[in-house]
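# Results of the structural survey
The primary structure of each chain is shown beneath.
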Amino acid sequence: MKMQITVNIKNEDNSELTEPTTMEVDIPEVEAFTGPEVFDEVFDHYERGVLEARNGVVEKATEKYLSAVAKKKRSQSSICKEENSLKDQKSIS
Amino acid sequence: MQGGELLERPKEYIIEAEVGQLEVDTFEIKKGSRKVFSTKRNLFPETGPKEHHKTVCFRELAVFSCCEMPFRKSAEKLNRTLRRKEEQMIQSRTMANLVEQEAEAITACVENKVKTILKCHDFTDEGVCTGDTSRYGLLANESVLSKERVSQAGKELNEHLPKERQLDVESLQGTCEDPTQVKALISVDDVLCKKQKASGRKRGSAPQKKKERVKNTVAHIQKRKGETYTMTTATIAQMMIVLLAFLLSNGLMIVPGQLVFFTDGAQDLLGAIQNVFAFLPFKLILDWYHLDKKCQQRLSMAMKGKEKRNTVLQELLAWLWIGKVDQAIVYLRSLHPDDIKDAEHIEKLIGYFSRNLSFIPCYALRQQLGLRVSSNPVEKANDLLVSNRQKHNGMSWSESGSHSLATLTSLRRNDEHMLWLLHHDIRFQFDAAAQKPAA
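Residues numbered from 1 in each chain as written. Chains lettered and ligands numbered in written order. Predicted model: local features only at pLDDT ≥ 70, side-chain atom pairs only at ≥ 80, totals over all residues.

### Observations concerning the sheet that holds strand 2 (residues 20-31) of chain B
All names here are of chain B. Cut-off, in case you're wondering: Strands were regarded as paired on the criterion that DSSP finds at least two bridges between them. Labels follow the DSSP assignment, with helices taken as runs of H or I lasting at least four residues and strands as runs of E lasting at least two, numbered in each case from the N terminus.
On the basis of which strands lie adjacent, the open sheet formed by four strands has the order 3-2-1-4 and mixed pairing. Strand pairing shows two members of the sheet lacking a second neighbour, strand 3 (34-38) and strand 4 (53-54), which therefore form its edges. Here strand 2 pairs with strand 3 via four bridges, running antiparallel. Each residue of the ladder has a partner; that of Lys30, found in strand 3, is Lys35.

The structure is reproduced here in structure tokens:
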């Protein structure tokens, strides 16, 4: 059995800021929970896998998010620079 | 499915997990008044009323963080790490209870294991052998260092010793165990912590005469290959039984060679060792550091002035270092009465030497031969298992609180904690500790 965790980061207008990040993790079959004596062991298998996947998927999604932030800031700053250089040219002439 | 009435109980079973606090629906199937299925009984581990079940990951985080920091701090850290909501916060008292519960279960598991091992090897629960003991004493007295090696070491030492202190190497033959031919090297010691008061002092009541202490007995066992294992118990008597079972289950009792104990010379400790291990020849060595300390303490109270004390101490230790206890006693008896402040302490020191005469070896020769002269591994284990966590300003402990923390710390140092968390069992073997020496 698998658990799929997907992270979507969306803008206010519901458009996607980054592409979705997905991670899959193997989890125990329902049949593995045969009784109280194996519950801890089986659930531990589930919990460790899920924690790792959760951290992994959020890490990847956050990297994408920050890359998008950096990209936007870079383009904003280059627009500003262009505007400033135009202003400078005007003041010189 | 099985027929009968299906009852759903929403969010009835609560699980404390690292992924969060999980409120799980439970189901019951009833046939008439008879419960034929219950998720609380047939699927989830049983819990007490209002008790939350704790997952392995959660227990690993909660229980073992308490071995390193105070309960309040570890509760704060856990709540922060797990981002617990206000109503789901774990309280420090819960942490303390969790530690005690876990340690009680470990102690019960060890007790059961010990009983089974002793029974399998024809020992009673008190450690008395009911079968043939001859196989345990195999080559115990022959497993000593060769005459050539001892003579060579003695010769090297004598080159640096004054004439009156020359070693009689012949008399020392057979006293040094061959480190490759020992069953195990065992260091045992007690470690004391301040005891928590049961209740506050009442007005007008007499102050307590003696500070009450909580005692933990710690043992450090080293195999000839160097693998180690540490264990703690509440009493020395218990420790000896657990130790015997550990040696039996690891096959060390039938290994040819000697069992060597290192102690601080405490009478109860010596008595307990002799009680349980009397059926086989073993060697007991008084730790050099404790012998040195004992001399310092007694002479400080016995001699007039620091300078005289230091002179006597230097001379005394020089005799003891080469194992000449008789000469040390003669020297103490020859001290000038004018230099002595309190002769009672001199007599007490002589009494201490006489009592421990057979446990004082020639430390100089042992050191020259690369053999151990002290019980320092257990002193280090005391720090790691008890003192580092329990001996700080303002800390005082209940018996169960102190033993619980020591038990859990020792479980982790022996690398047995994952087996315990997953299967509520311990290996009770050196193998687990091989990767991570206990001290």
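### Quick look at the interface of chain B and chain A
Quick note on the threshold: Contact definition: two residues whose C-beta atoms, as placed from backbone geometry, lie within 7 Å. Charged residues are taken to be Asp, Glu, Lys and Arg, nonpolar residues to be Ala, Val, Leu, Ile, Met, Phe, Trp, Tyr, Cys and Pro, and polar residues to be all remaining types, Gly included.
Across the boundary between the two partners, chain B contributes twelve residues, which contact twelve residues of chain A. Taken together, the residues of the side of chain B that touches chain A sort by class into eight nonpolar, two polar and two charged.

### Considering unusual backbone geometry
Residues and elements named next belong to chain B. Rule in force here: To assign burial, the other C-beta atoms lying within 10 Å of each residue's own C-beta are counted, with C-beta atoms placed from the backbone; 20 or more indicates buried, 12 or fewer indicates exposed, and intermediate counts indicate partly exposed.
One non-glycine residue with positive phi stands out, namely Arg83, at about 55°. In this structure, Arg83 sits in the loop between helix 3 (71-81) and helix 4 (92-120). On the basis of neighbour count, Arg83 is assigned to the exposed category, with 8 C-beta atoms found within 10 Å. Positioned with a positive phi, Asp122 is a non-glycine residue whose angle comes to about 60°.

### Concerning the environment of Ser354 of chain B
Residue and element names in this part refer to chain B. Looking at the element boundaries, Ser354 is found in helix 12 (residues 343-355). Residue classification places Ser354 among the exposed positions, given that 11 C-beta atoms sit within 10 Å. Ser354 sits 28 residues away from Asp326 along the chain, and the two C-alpha atoms are 8.8 Å apart.

### Describing the environment of Glu315 of chain B
Residues and elements named next belong to chain B. Looking at the element boundaries, Glu315 is found in helix 10 (residues 306-321). Judged by the 15 C-beta atoms lying within 10 Å of it, Glu315 is partly exposed. A sequence separation of 13 residues divides Glu315 from Ala328, and the C-alpha atoms of the two residues are 8.3 Å apart.

### Considerations on the pairing of strand 7 (residues 228-233) of chain B
Residue and element names in this part refer to chain B. Within strand 7, six of the six residues are buried, which leaves it mostly tucked inside the rest of the structure. The two faces of strand 7 match: Thr228, Thr230 and Thr232 on one face and Tyr229, Met231 and Thr233 on the other face are all buried. Count of turn residues in the strand 6 (residues 213-222)/strand 7 antiparallel hairpin: five residues, of which Gly226 carries a positive phi of about 100°.

### Some remarks on the sheet that holds strand 5 (residues 182-194) of chain B
All names here are of chain B. Rules: Fitted lines through C-alpha atoms serve as axes, helices being fitted only where they are in contact, and the angles separating the N-to-C directions of these axes extend from 0 to 180 degrees.
If you walk across this open sheet you meet the five strands as 7-6-5-8-9, and the pairing is mixed. Every other strand in the sheet has two partners, leaving strand 7 and strand 9 (282-286) as the edge strands with one partner each. Strand-to-strand twist across the sheet, computed as the mean angle between neighbouring axes with direction ignored, equals 20°. Pairing between strand 5 and strand 6: ten bridges, direction antiparallel. Each bridged residue has a counterpart across the sheet, and for Val191 the counterpart in strand 6 is Asn216.

### Things to note about the nonpolar core
All names here are of chain B. Keep this limit in mind: Buried Ala, Val, Leu, Ile, Met, Phe, Trp, Tyr and Cys residues form a nonpolar core when they are connected through C-beta atoms within 7 Å.
One finds Met95, Val99, Ile186, Ala219, Val242, Leu243 and Phe261 to be the most contacted residues of the largest nonpolar core, which totals 106 residues. Considering each element in turn, this core owes the most residues, eleven residues, to helix 7 (residues 236-249). When residues no more than four places from it in sequence are discounted, the contact partners of Phe261 are Ile186, Val188, Ile273, Phe282, Lys283, Leu284 and Ile285.

### Some details on the confidence of the model for chain B
In plain terms, the rule: Each residue carries a pLDDT score, the predictor's confidence in it, ranging from 0 to 100.
Confidence in the prediction of chain B, expressed as mean pLDDT, is 91, and 95% of residues score 70 or more. Here the complex is predicted with pTM 0.87, and the ipTM for its interfaces comes to 0.85.

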